[in-house]
Amino acid sequence: MFVGAMFSLCGDQPLHDYLSLPYKLSENLFPVKRQISLTDFIPPELMHLDYGIYPESPEYNTARLIFNKRFVYFPKAIFVPTTPQEVQYLVGVLRKYHLPFAIQSGGHCIEPGSLSSYYVISLKNFNSIIPDTTTGQVYIGVGAKLETVIHTLGLIDYAIPSGTCPSVGVAGLTLGGGIGLLSRTYGLTCDSVQSITFVNADSEIIEVSATSYPDLFWALRGGGCGSYGIALGFTFNMHYIPVVTYYELIWNYDPHLIPDIMVAWQKWVKDLTEIISSVLAIRHPSFHTSRPEENPPLAIRIFGLKVSSEPFTEWENAFQCLHPSVFIESGSYLEMSKYWARESNLPFLKYKSRILMKPLTLNAIMDVTRFFTRLERRNPNYLVYFEFERFGGQIPNNHTAFFPRHAFGWWAQAYFWPEQKQSEKVLALSRRFYASIPKEVSRYCYANLVDYDLGKHYLKDYYGNHVDRLIRVKQKYDPTNLFHWKQSIPLKRGGCRGETSS
């Protein structure tokens, strides 16, 4: 999937060249420099740093943007450190002056949790990937993106369980849990973490593991995004994967098919072997398939991986009677990644999620069917994508802050659109449908798909009965709430979450 956090485009490359966008972005994303006069407010210790990007810097207007172009912020400075000592220095100065700041690690943040009108620390330079086949471990810096991680490890037939969207950052993905096509076989991304190099609230660099700071180690794996300190890198157990089979079943869209396909899929995945992952996706329009040129504007797909050299025939009894178009190919994990490592280049987006404690009821399935039927009639120029993914396998078999592990699966709802003026309409559509989902489906959400619509309920919705334990860890390691943003772990239930920094 495409789950991660904290993204910024840094450097002087033009934004339109970087994204190859065929449309015009809002002019207010690129104001003239005389409209910004922020440097007067910067403390002297943060002025004129070699790794600082200030409002008068030529790269400022690119560096301040995140993956989701809905949000327009003008930070007083953006710092792009290259050494751990520079990160320590920044944390010390920001703490000294009680200055709000945000942390970016180079991937996605769906809402502006990695933005601030004050200061931003971008960790994109901490992007090293150092595998060691003798130990079966790999060190990955927080600035690395999944495309590079999958490629680097794939060259030696290794991988870590992760999402599949190429521009997602490894840091947010790991700190929030990490769901992907290898999760049923090897667990979540955070399950493979052995240690975390970390800058704490006292500006100290510590190594966090099961034997040192075990309570913090528990919290950082699933509940650690921006709440306790700054991760600089992770040591993972990597997994030797010489061959996988990618499969994809595709149906031309027919509203009468959705209930039959979803019922058949939920029944099939209930007892699926852990070496097979599976995702059911409905997309309008459908252009992210293995053979987009052969597919209609809207399609229904079931896809996933079998981590084995044995032929993939398990689909036949469940779906042959529904007559899908079938695509099956075997090869290395790296080779097969080309079939799922795609993403929309539309600049404005909204995600919502549900963690499903049990399969969807027929009533909920019919709600999904009616939603896409109405969407097809309107034929809008924006992209709507629903994805249902099965949990199980190795996902329940670890103890971290990710909650809940014993769920049936999860449901991601994505909306992408090309023009800012469409935002109000698309956001209203997303919220209206989300509010209509029956309560028996689930009350929990996935923390990596940051959703500010959750309001004050985000703690319970993301972390369930882990909330009190996460707060105790927060009180111990960050008692002054130095690290905070709108949906961080507070010092107490209902306590200040420091919204001013985001």
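Predicted, not measured: the structure shown is a model, and the values here were computed from it.

A. A look at the pattern of salt bridges. Scanning all chains against the criterion turns up 16 salt bridges. Two residues, Lys 352 and Asp 451, come together in a salt bridge whose shortest N-O distance is 2.8 Å. Of the two residues, Lys 352 is situated in strand E16 (residues 348-356) and Asp 451 in the loop between helix H12 (423-436) and helix H13 (458-463); the sequence distance between them amounts to 99 residues. Judged by its relative accessible area of 2%, Asp 451 is buried. Residue Lys 352 is joined to Asp 453 by a salt bridge in which the shortest nitrogen-to-oxygen separation is 2.9 Å. Note that Lys 352 is positioned in strand E16 and Asp 453 in the loop between H12 and H13, a separation of 101 residues in sequence. Taking the relative accessible area as the measure of exposure, Asp 453 reaches 32% and is therefore partly exposed. One salt-bridge network, held together by shared partners, links Glu 111, Lys 350, Lys 352, Arg 431, Asp 451 and Asp 453.

B. Geometry of the sheet that holds strand E12 (residues 244-252). Across the sheet, which stays open at both edges, the seven strands sit in the order E15-E12-E14-E13-E17-E18-E16 with antiparallel pairing between neighbours. Two strands bound the open sheet, and with one partner strand each, they are strand E15 (325-331) and E16. Adjacent strand axes in the sheet meet at a mean angle of 15°, parallel and antiparallel pairs treated alike. Note that strand E13 (residues 279-284) and strand E17 (residues 383-390) share six bridges and pair antiparallel. Across the sheet, Arg 283 pairs through a bridge with Tyr 385, a residue of E17.

C. Spotlight on the sheet that holds strand E9 (residues 205-209). Read across the sheet, five strands follow the order E5-E6-E10-E8-E9 without closing on themselves; strand pairing throughout is antiparallel. At either end of the open sheet lies a strand with only one pairing partner, and these are strand E5 (129-132) and E9. Strand after strand, the sheet turns through a mean of 15° between neighbouring axes, direction not considered. In this sheet, strand E10 (residues 230-237) lies alongside strand E8 (residues 193-199) in antiparallel orientation, the contact comprising six bridges. By the bridge assignment for E10, Phe 198 is matched with Ala 231.

D. Structural context of the pairing of strand E6 (residues 137-141). The sheet contact formed by E5 and E6 spans four bridges and is antiparallel. Counted as the bridge partner of Ile 130 is Tyr 139 from E6. Linking E5 back to E6 in an antiparallel pair, the connection comprises four residues, with Gly 136 at a positive phi of about 75°. Relative to E10, E6 runs antiparallel, the two being bridged by five bridges. Within E10, the position partnered with Tyr 139 by the bridge is Thr 235.

Rules used throughout
Residues numbered from 1 in each chain as written. Predicted model: local features only at pLDDT ≥ 70, side-chain atom pairs only at ≥ 80, totals over all residues. Heavy atoms only, no water. Salt bridge = Lys/Arg side-chain N within 4 Å of Asp/Glu carboxyl O. Helix = DSSP H or I, 4+ residues; strand = E, 2+ residues; numbered from the N terminus. Buried < 20%, exposed > 50% of the residue type's maximum accessible area, 1.4 Å probe, protein only. Pairing = 2+ DSSP bridges. Axes fitted to C-alpha atoms, helices over the stretch in contact; angles between N-to-C directions.

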